[in-house]
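The chain contents come next:
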Amino acid sequence: MKKRTKGLMLFLVVMSIFGLVACGPKGESTKDTPPNTQQKETNEEKENNSSDGVEKPSKIHIMVDGSFMLPEAGQDDIVKKYKELTGIDLEITQPAHNQYYERVNLVFATGDAPDALALDIANMYKYGSNGALYDLKPLYDQSEVLRSLDANAIEAMLLDGKLYGMPKGDGNGSVTYIRKDWLDQLGLEVPTTYDEFLNMLRGFKTLGNEIIPYTSPGIIYDEYPTYIYNRFFFHDAIPEFIPVNGEWVDGMLEPEMIPALERLRDAFTEGLIDKEIITNKTSTCRDKMTSGMAGVFNYWAGQWGKTLDDNLKATDPTGEVVAMPAIKETSYIERVGFGLSVTNASKNPEGVFKYLLEFMYDKSEGQMLFTHGVEGIHYEMKNGELFKMPSKANATQAAGQVFLLTELNLNNFDDHFKIDERIVDSRTKLKQSVQVGIPVPPSAVLDKYGADVQILRKEMLVDIVYGRVSIEDGLERYKEQSKDKVAKILEELNK
Amino acid sequence: MKKGRKEGIGSQIFDMVNILFFILILIAMLIPILKVLSDSLDTSVTHGINLIPKNFSLIAYKTILTNSGLYRPFFVSIYTTLFGTFIALFISCITAYVLIQKEMPGRNFIVKFVMFTMIFNGGLVPTYLVLRGFKLLNTLWAVILPLSLNVYNMILMKNFFEQIPESLFESANLDGCTPFQVFIKIVLPLSKPALGSIGLFFAVAFWNEFFTYVMYITNTSKYNFQVKLRELVLDSTNMASDNVIVNLKTMQNAAIVVAILPFMFVYPFCQKYFVTGITMGAVKE
Amino acid sequence: MTKEQRDKQDKGLKVQIKRYTPFYIMFLPVFLLFIVISYLPMFGVLLSFTEYTPYSGPNFIGLENFKELLLNSRFISSFINTLKLSLTNLILGTITAIIIALLLNELRQKSFKKFVQTVIYLPHFLSWIVVASIFTIILSPQGGAINLILEQFGFEPIYFLADNKWWTPVYLFIVRWKETGWATIIYLAALTGISPELYEAAMIDGAGRLKQVLYITLPSLLVTILIVFVLNLAKVMNLFESVFVLQNDMVLNKAEVISTYVFKVGIRQADYGYSTAVGLFKSLVSFIFVLAGNWGSKKIKGEALL
């Protein structure tokens with residue numbers, strides 16, 4: 001019996017070696033080849049290729065999140081049309097929306113990275129600074145097509161002079177949505193100062209026992225920009241690492257944080273802020289708003305300006321949600337948006353740049369395809385105006401967008417599509433007073449300790465807002481607990 | 001067996017209290033579920049306990065039935081659950097059948113070999129690499145195979161098998177049946193209750209599986225209903241599906257109801273086995 | 001052992017192996033499947049000695065990960081929480097399931113019994129994410145059913161899921177709500193297996209219902225209870241989804257368990273080397289639990305679990 005066991009063990013080991021051989025090199029080769037060699041290869045290939053010297057890829061593999069048109073809505077039609085227009089096979093990998101970045105980590109770790117993929121700025125910086133993404137700056141500088149994009153948006157994406165992705169559109173920001181009908185009912189004007197804002201919340205509170213005047217998914221948010229919500233209470237305080245006069249500091253410990261915490265605590269104690277602010281998800285808040293429970297909610301400008309209002313009207317036809325401009329004490333925060341990055345795993349980055357990125361922003365059929373889809377399937381033209389056709393997934397709805405959004409368009413492309421006024425309105429209100437949230441530059445130290453510091457911040461904020469601890473004690477405790485980690489992060493940032 | 005019992009007063013009081021107790025349990029179990037059901041049929045605002053829809057509407061169910069993005073995952077779920085359960089039961093039965101061969105040389109090794117996997121596992125990245133190496137990524141096998149190797153259920157199955165009287169095996173051997181014939185002709189027919197209950201264990205696991213789908217499959221058309229449900233229940237600022245007119249809460253609740261519906265149909269068939277139970281247990285003791 | 005004896009034994013072994021050949025053949029596919037799906041990935045534990053992220057590695061760094069793990073306060077508290085929550089869960093779960101199974105068994109109205117069974121199994125079919133969203137609504141401090149009742153009696157509303165004092169009991173209750181009914185299945189199956197003759201004999205001896213339960217039912221269930229308990233012991237460290245969907249940042253010092261920690265560090269932050277080290281540690285602890293359980297099983301039942 002012993003012998004048999006030994007034999008089996010041997011077999012096991014052999015199998016495992018086979019397994020490692022089968023998987024190992026494949027993963028390594030893409031990872032370990034320095035980007036330069038790949039570029040050289042393509043340079044050599046260049047000579048025996050088309051007039052402008054860029055080889056046309058036969059296939060482009062992209063990875064996108066749920067913001068790309070879903071298969072049931074007609075993703076195949078996009079791929080087919082793309083092939084027709086460019087002759088290139090477009091392979092789309094679209095993981096579940098909520099697990100997108102977990103999946104991104106996995107494909108990079110296992111050497112399965114696609115040619116191009118959608119990334120938010122934090123991940124773009126992370127992967128870019130670690131050498132996984134292709135620097136598009138030289139190509140961008142020479143590109144007539146892409147230089148027509150809003151230069152500010154490109155500028156905001158640069159990391160140490162390198163461009164690791166082309167912006168998908170304007171980064172957009174969060175505005176404050178309010179119940180206009182309640183405001184009218186109370187005979188109030190749209191508030192312009194913090195006092196008027198508080199006054200409005202107090203008014204909302206009088207409208208019913210179950211009414212939550214102000215709801216929000218957390219006091220600070222988990223993703224960049226962490227301080228995008230609750231600006232009307234924070235004013236100029238920023239609960240995140242911020243550069244002050246060229247030096248990075250922990251905004252949590254800046255003097256302006258103390259009055260901000262007072263405002264949050266007082267409003268909470270007065271019952272103006274949602275008691276469930278900690279456990280709320282963005283979807284819970286949306287539900288509270290659209291089911292008529294909540295009066296004020298910070299959320300993305302643009303499409304949501306329409307959707308929130310529509311959804312409220314579905315439950316309460318007399319209701320009305322509108323975006324309001326920032327109060328004078330503060331401004332809205334805009335983020336540096338998503339981008340489409342080309343990876344170093346791509347065999348032909350120039351080709352991807354030319355045939356995908358430039359094509360997508362060509363102000364013509366390419367941009368049309370990636371904005372509205374295919375004529376006759378997703379949209380139709382009538383008297384020079386673009387109308388959405390019924391969605392393939394659900395005939396009772398209009399077809400959605402493909403990848404780019406008209407209202408966040410960066411090159412003034414006229415697609416003859418009339419955007420809903422509420423979408424335009426919320427965007428206008430955002431742009432009236434807005435500043436860009438500065439992404440914290442990536443580093444291994446930040447990866448390691450950032451999440452812990454974030455948790456300490458949240459614990460402190462909640463304890464203070466809920467009145468379990470005084471502002472001084474709470475800040476003192478946070479300072480004590482986060483000291484080492486914050487010091488390491490700041491040291492790295494200020495290097 | 002209970003007919004012949006003497007009926008004391010205490011016994012009767014106990015029966016009453018027992019029934020009351022279970023009525024309370026029923027209420028505690030049913031209210032949350034009924035609330036979901038009611039909210040799925042209600043497009044109006046609801047606060048607190050409200051078990052009767054104020055604004056009755058079937059629109060959420062209509063949306064699920066007409067939206068291919070919602071009903072296709074449902075079929076994926078049904079397919080993997082049926083097929084996966086079959087595979088998993090087959091694997092569990094074979095293993096259990098081998099494990100009850102007490103005299104088989106190497107049995108102890110097999111026991112350890114199997115148990116070891118219950119405790120140690122490779123984690124996400126190595127599993128991904130192996131699945132990729134065997135070309136299983138992006139196929140439903142990547143979901144079915146890992147879930148089928150459930151040691152816990154194998155042991156349960158083995159314990160059921162052990163209760164089959166040995167005399168049956170002996171007489172079958174004398175009749176010249178091969179072990180495989182014994183397996184098909186004696187073990188499986190006698191294990192219907194075990195197959196029913198463990199089969200249901202597997203079915204529930206397959207139905208509710210989520211993680212392996214999102215990690216090992218990228219083709220959205222192969223996602224199951226649970227992945228979709230999660231998307232609906234948990235947020236997703238998914239702009240592509242933003243023009244859902246029905247209010248989201250109604251949709252969420254309807255999706256939850258749809259997700260348990262199949263079990264409401266299947267369950268009565270399996271319940272028969274739980275109730276008849278494994279009567280041969282006593283023969284051996 | 002003399003050479004002769006050994007030869008004889010070897011011969012016996014050969015005969016045995018020949019006799020069991022069909023079984024080996026039958027098991028072979030399953031064996032291979034285990035190798036591929038379970039054993040090959042296990043070589044991944046080697047990653048625990050490396051630094052491995054999506055953009056670098058794996059680079060060998062020796063025991064660094066383990067050193068870091070033992071110094072990390074988040075890891076230590078998650079380890080303690082896992083033991084606390086999971087063991088309480090296991091003990092509570094076993095006791096409630098046995099009690100409910102016994103009481104169910106005493107119900108005489110067959111149709112009522114069947115109905116109760118159907119209903120208490122229902123929550124098991126709900127996935128955790130669904131259960132979490134249902135209870136978040138019920139336990140809400142604003143308009144949640146429980147708090148509405150509390151307010152009727154003049155209490156202040158309680159924010160159950162974000163309160164350090166309340167989270168653990170509430171969590172344990174929710175898990176019981178979902179799983180108790182389902183857990184009774186095994187015991188009910190075992191109960192129907194008890195020979196009616198035993199009860200008849202007891203009745204002739206004049207034993208009442210309580211005595212029958214104490215002297216016949218419970219002892220007959222003991223083996224099942226033991227097996228289920230030991231098997232569950234092996235799963236103690238795996239506590240994941242239920243906690244993950246019910247935790248929030250405010251109760252992390254009570255609600256962070258090892259698997260949720262591994263998930264956050266390993267999959268979200270993609271620190272694969274370190275998280276593998278944590279996973280390995282977790283497995284080793286499970287291993288100790290299984291050995292202990294097996295030892296206990298030998299003591300009580302007289303034979304090992306398998």
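Cut-off values and rules
Throughout, a residue's number is its position along its own chain's written sequence, starting from 1. In the order they appear in the text, chains get letters beginning with A and ligands get numbers beginning with 1. Whole-chain, interface and lining totals are the exception, using all residues; otherwise, since this is a predicted model, local features are given only for residues with pLDDT of at least 70 and side-chain atom pairs are given and counted only at 80 or more. Values shown for side chains rest on all heavy atoms present in the structure; no hydrogens or waters enter the calculation. In this description a helix means any DSSP run of H or I spanning at least four residues, a strand means any run of E spanning at least two, and both kinds are numbered starting from the N terminus. To get the radius of gyration, use the C-alpha atoms; to get the globule rule, take the number of residues to the power 0.38 and multiply by 2.2 Å. Buried, partly exposed and exposed residues are distinguished by accessible area as a fraction of the type maximum, computed with a 1.4 Å probe on protein chains only: under 20%, between the cut-offs, and over 50%, respectively. Any two residues whose heavy atoms approach within 4.5 Å at even a single point are treated as in contact. Computed with the Shrake-Rupley method and a 1.4 Å probe, the accessible areas treat only the protein chains shown as cover for residues. Note on charges: Lys and Arg go in the positive column, Asp and Glu in the negative column, and His and the chain ends are not counted at all. For this purpose, a charge sits on NZ of Lys, CZ of Arg, CG of Asp or CD of Glu. A residue counts toward a patch only above 30% relative accessible area and without a salt bridge, and it is joined to like-charged neighbours within 9 Å or, for Val, Leu, Ile, Met, Phe, Trp and Tyr, to nonpolar neighbours within 5 Å. Any carboxyl oxygen of Asp or Glu that lies within 4 Å of a side-chain nitrogen of Lys or Arg is treated as forming a salt bridge with it. Per-residue confidence from the predictor is given as pLDDT, running between 0 and 100. Classification of ring pairs uses Phe, Tyr and Trp, with its six-membered ring standing for Trp, and accepts pairs whose centres are within 6.5 Å; under 30 degrees between planes counts as stacked, over 60 as edge-to-face, and the remaining range as tilted. Pairs of N or O atoms within 3.5 Å make up the polar contacts considered here, provided that, within protein, one atom can donate a hydrogen while the other can accept it, and that residues adjacent in sequence are counted only when both atoms are side-chain atoms. Here the term charged refers only to Asp, Glu, Lys and Arg, the term nonpolar to Ala, Val, Leu, Ile, Met, Phe, Trp, Tyr, Cys and Pro, and the term polar to all other amino acids, Gly among them. Whether two strands pair depends on DSSP finding at least two bridges between them. Angles run from 0 to 180 degrees between N-to-C directions of axes, and those axes are lines fitted to C-alpha atoms, restricted for helices to the stretch in contact.

Would you mind showing me how to read the overall build of chain C here?
If you tally the helices and strands in chain C, you get 14 helices and 2 strands. What you see for chain C is a C-alpha radius of gyration of 25 Å, clearly larger than the 19 Å of a compact globule of 306 residues, by over 25%. Seen along its three principal axes, the alpha-carbon backbone of chain C occupies a region of about 90 × 75 × 30 Å. Looking at chain C as a whole, 57% of its 306 residues are labelled buried. When contacts within chain C are restricted to residue pairs at least 6 apart in sequence, those whose partners lie at least 24 apart make up 65%. Within the structure as shown, chain C displays about 13,700 Å² of accessible surface, and the carbon and sulfur contribution to it stands at 67%. If the 27 positive side-chain charges of chain C are averaged to one point and the 19 negative ones to another, these points end up 8 Å apart.

Honestly, the environment of Leu51(B) in this entry has me stumped. Any pointers?
Residues and elements named next belong to chain B. Mapped onto the elements, Leu 51 comes out in the loop between helix H1 (9-40) and helix H2 (59-66). By relative accessible area, Leu 51 is classed as partly exposed at 34%. Placed 60 residues apart in sequence, Leu 51 and Val 111 show a C-alpha to C-alpha distance of 51 Å. Apart from the residues lying within four places of it in its own chain, the contact partners of Leu 51 are Ile 31, Leu 34, Lys 35 and Ser 38.

When you look at a negative patch on the surface in this model, what are you seeing that I'm missing?
Residue and element names in this part refer to chain A. A cluster of acidic residues, Glu 262, Glu 472, Asp 473 and Glu 476, forms a negative patch at the surface. Considering the arrangement of structural elements, one finds Glu 472 in helix H18 (residues 471-493). Accessibility expressed as a relative area gives 53% for Glu 472, which makes it exposed.

I tried to follow the confidence of the model for chain B on my own but got confused; where do I start?
When pLDDT is low, close inspection of the predicted coordinates is not appropriate. Residues and elements named next belong to chain B. Averaged over chain B, the pLDDT score is 81; the fraction of residues at 70 or greater is 85%. The spread of mean pLDDT over the elements of chain B runs between helix H14 (residues 281-284), the lowest at 32, and helix H6 (residues 141-148), the highest at 93. For the stretch residues 1-5, pLDDT sits under 50, and the model shows 11 contacts to residues farther than four places along the chain or on other chains.

Honestly, the pattern of salt bridges in this entry has me stumped. Any pointers?
Close approach of charged atoms allows side chains of opposite charge to pair. In the structure shown here, the tally under the stated rule is 51 salt bridges over all chains. Close ionic contact of Arg422(A) with Asp310(A) constitutes a salt bridge, the shortest N to O distance being 3.1 Å. Here Arg422(A), found in helix H16 (residues 421-432), pairs with Asp310(A), found in helix H13 (residues 303-315); they are 112 residues apart in sequence, far enough to count as distant. The class for Arg422(A) is partly exposed, based on a relative accessible area of 25%. Where Lys448(A) meets Glu68(C), a salt bridge forms, and the shortest distance between an N and an O atom there is 3.5 Å. Residue Lys448(A) is located in helix H17 (residues 444-465), and its partner Glu68(C) is located in helix H3 (residues 64-71); the two belong to separate chains. Looking at Lys448(A), the relative accessible area reads 32%, which means it is partly exposed. For Glu68(C), a relative accessible area of 27% translates into the label partly exposed.

I'm lost on the packing of aromatic side chains in this one. Help?
By convention here, two paired aromatic rings are described through the distance between centres and the angle between planes. Residues and elements named next belong to chain A. Counted under the stated rule, the structure contains 58 aromatic pairs over all chains. Seen in terms of ring centroids, Tyr 194 and Phe 233 are 6.0 Å apart; in terms of plane orientation they differ by 80 degrees. Their pairing is edge-to-face. With Tyr 194 in helix H9 (residues 194-205) and Phe 233 in helix H10 (residues 231-234), this pair connects stretches of sequence that are 39 residues apart. Owing to a relative accessible area of 0%, Phe 233 belongs among the buried residues under this scheme.

Where do I start with the interface of chain B and chain C in this structure?
Quoted interface sizes are often the accessible area lost when the parts come together. The partner chain C presents 88 residues to the 95 residues of chain B that form the contact. Summed over the shared surface of chain B and chain C, the result is 3 salt bridges. Salt-bridge contacts for Asp15(B) lead to Arg108(C); the nearest nitrogen and oxygen are separated by 3.5 Å. At the junction of chain B with chain C, the criterion picks out 12 residue pairs in polar contact (both at pLDDT 80 or more). In terms of residues, the side of chain B that touches chain C owes the most to one element, H1(B), which gives 17 residues. Grouping the constituent residues of the side of chain B that touches chain C by class yields 65 nonpolar, 19 polar and 11 charged.

Would you explain the pairing of strand S14 (residues 385-388) of chain A in this entry?
When a strand is regular, its side chains alternate between the sheet's two faces. Residues and elements named next belong to chain A. Inspection of the sheet shows strand S13 (residues 379-382) paired to S14 by 4 bridges, in the antiparallel sense. In the sheet register, Glu 380 faces S14, and the bridge partner there is Phe 387. Taking the residues between adjacent antiparallel strands as the criterion, S13 and S14 are bridged by 2 residues, where Asn 383 takes a positive phi near 50 degrees.

Help me understand the sheet that holds strand S5 (residues 174-179) of chain A, please; the structure alone is not making it clear to me.
Think of a sheet as strands paired side by side through backbone hydrogen bonds, with each pair either parallel or antiparallel. Residues and elements named next belong to chain A. Judged by pairing direction, the sheet is mixed, and its 4 strands sit side by side in the order S6-S9-S5-S10 without closing on themselves. Of all strands in the sheet, those with a lone pairing partner are strand S6 (212-215) and strand S10 (321-324), marking the two edges. Across the sheet, the axes of successive neighbouring strands diverge by a mean angle of 25 degrees, strand direction being ignored. Pairing analysis gives 3 bridges linking S6 to strand S9 (residues 294-300), with the strands arranged parallel. Residue pairing in the sheet places Tyr 214 in a bridge with Val 296 of S9.

Please explain unusual backbone geometry as it appears in this structure.
The bulk of non-glycine residues show a negative phi, and the bulk of peptide bonds are trans. Residue and element names in this part refer to chain A. A cis amide bond links Tyr 224 to the next residue, Pro 225, at an omega of -15 degrees. By the secondary structure assignment, Pro 225 is in the loop between S6 and H10. One non-glycine residue, Asn 383, lies in positive phi territory at about 50 degrees. Relative to the assigned elements, Asn 383 resides in the loop between S13 and S14.

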